[in-house]
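Survey of secondary and tertiary structure
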Amino acid sequence: MLHLFADPITNDPVKPVILFLGDSITADGRYIRYAEEWLRKHRPDQEVELVARGIPSETASGLSEARHPFPRPCIHDRLAEELAAAAPGVVVACYGMNDGIYHPYSDERFVVYQAGMRQLSAQIREAGAKVVLMTPPPFDAASMNGQLLPEEAPDFSYLAPYRDYDRVLECYANWLLSGGCPADGVIDLRTPLLEHIRYERRLDAGYSYGDGIHPDASGHRMIARALLSELFGVVSTPIHFNL
């Protein structure tokens, strides 16, 4: 469990507003609603406000693939306004899925992602909030309905991604988990989601993890469980959601 709701020096309480930033997975909002529903039901005295502010297609790097229908938005173009509007005590950010722009790994793109994430963390801390980073969820090629391209293909996009794009996300996730980006905590979404996919495929070989990029409802429930465990210490009892 991450101990985020009290100042480690003064022990004063941290403002109980948690701002969630991210791409379309966060914009979907289901994992936030699941967590909020569980807290409302099982911890009605927990004073906390969850503010969902994800934007579809967004990145932390500012990169965009040539075949994307419009330049991808970048969190740095709105971060100051979001922090001022929510005045959060904690910010939870999840970026990476779009930052590799669905291409094979390259050092150049990885460096830009790293710089974008470090800038994100620094600006949040300068605003007086604590930073929690979530690893990008996995890319599940088996759930993709579109074309999957080999490494030697001339171009890639979210509609026609590199078939082993999950290797890129694994690299980005490992960097976050290693402490490469300053933060008050890092939540590993990749491991429980991969375990979830494997479990579901053992039960049903045709299981589809959403569209391979965006998790289905069961994937969002796994993210909510990770949040509740790491942010609120919910580990001793099974977690059930009604939404």
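Everything numeric here is computed off the predicted structure, so don't read it as measured data.

For the structure shown, the criterion picks out eight salt bridges. A salt bridge links Glu 65 to Arg 72, with the nearest nitrogen and oxygen atoms 2.8 Å apart. This pair shows no difference in class: Glu 65 is buried, exactly as Arg 72 is. The network of salt bridges with shared partners includes Arg 53, Glu 58, Arg 78 and Glu 82.

The next subject is the pairing of strand S3 (residues 90-94). In terms of burial, S3 is largely enclosed, as five of its five residues are buried. Burial of the side chains of S3 extends over both faces: Val 90, Val 92 and Cys 94 are buried on one face and Val 91 and Ala 93 on the other. Judged from the five bridges that link them, strand S1 (residues 17-22) and S3 form a sheet pairing that is parallel. Its bridge partner lying in S3, Gly 22 is registered against Cys 94. Regarding the hand of the β-α-β motif, the stretch spanning S3, helix H4 (residues 107-126) and strand S4 (residues 130-134) is right-handed.

Before going further, it helps to examine the sheet that holds S1. In spatial order, the strands read S2-S1-S3-S4-S5; together these five strands make up an open sheet with parallel pairing. Of all strands in the sheet, those with a lone pairing partner are strand S2 (49-54) and strand S5 (185-187), marking the two edges. Sheet twist, expressed as the mean angle between neighbouring strand axes with direction ignored, is 20 degrees. Of the strand pairs in this sheet, S4 and S5 are connected by three bridges, and their pairing is parallel. Within S5, the residue paired with Met 134 across the bridge is Ile 187.

Further remarks concern the nonpolar core. If you look at the biggest cluster of nonpolar residues, it comprises 37 residues, and the most contacted ones within it are Leu 21, Tyr 95, Tyr 113, Met 117, Leu 120, Ile 124 and Tyr 165. Among the elements of the structure, S1, helix H3 (79-86), S3, H4, S4 and helix H5 (165-177) are those that each provide at least two residues to this core. In terms of residues, this core owes the most to one element, H5, which gives six residues. Among all residues touching Met 117, those that are not within four sequence positions of it are Ala 60, Tyr 95, Leu 133, Trp 175, Leu 176 and Cys 181. Membership of the second largest hydrophobic core comes to 30 residues, among which are Val 92, Met 134, Tyr 209 and Leu 227.

Further remarks concern the environment of Val 48. For Val 48, the location among the structural elements is in the loop between helix H2 (30-42) and S2. Between the C-alpha atoms of Val 48 and Ile 32, which are 16 residues apart in sequence, the distance is 12 Å.

A few words on unusual backbone geometry. A positive phi angle, close to 75 degrees, is found at Ser 57, a residue other than glycine. Within the fold, Ser 57 resides in the loop between S2 and H3. Ser 57 gets classed as buried once you look at its relative accessible area, which sits at 14%. Of note in this structure, Ile 101 is not a glycine but carries a positive phi near 45 degrees. Within the secondary structure, Ile 101 is located in the loop between S3 and H4.

So, on to helix H7 (residues 217-232). The first and last C-alpha atoms of H7 sit 21 Å apart over 16 residues, in line with the 22 Å expected at 1.5 Å per residue. Where H7 is concerned, the buried positions are Ser 218, Gly 219, His 220, Ile 223, Ala 224, Ala 226, Leu 227, Leu 228, Ser 229, Leu 231 and Phe 232. One or two positions beyond H7, positive phi appears at Gly 233, with a value near 70 degrees.

Rules used in this analysis
- Residues numbered from 1 in each chain as written.
- Predicted model: local features only at pLDDT ≥ 70, side-chain atom pairs only at ≥ 80, totals over all residues.
- Heavy atoms only, no water.
- Salt bridge = Lys/Arg side-chain N within 4 Å of Asp/Glu carboxyl O.
- Buried < 20%, exposed > 50% of the residue type's maximum accessible area, 1.4 Å probe, protein only.
- Helix = DSSP H or I, 4+ residues; strand = E, 2+ residues; numbered from the N terminus.
- Pairing = 2+ DSSP bridges.
- Right-handed = clockwise from strand over helix to strand, strands pointing away.
- Axes fitted to C-alpha atoms, helices over the stretch in contact; angles between N-to-C directions.
- Core = buried A, V, L, I, M, F, W, Y, C linked by side-chain atoms within 4.5 Å.
- Contact = heavy atoms within 4.5 Å.
- Expected span 1.5 Å × (residues − 1).

The values are spatial; any link to function lies outside them.
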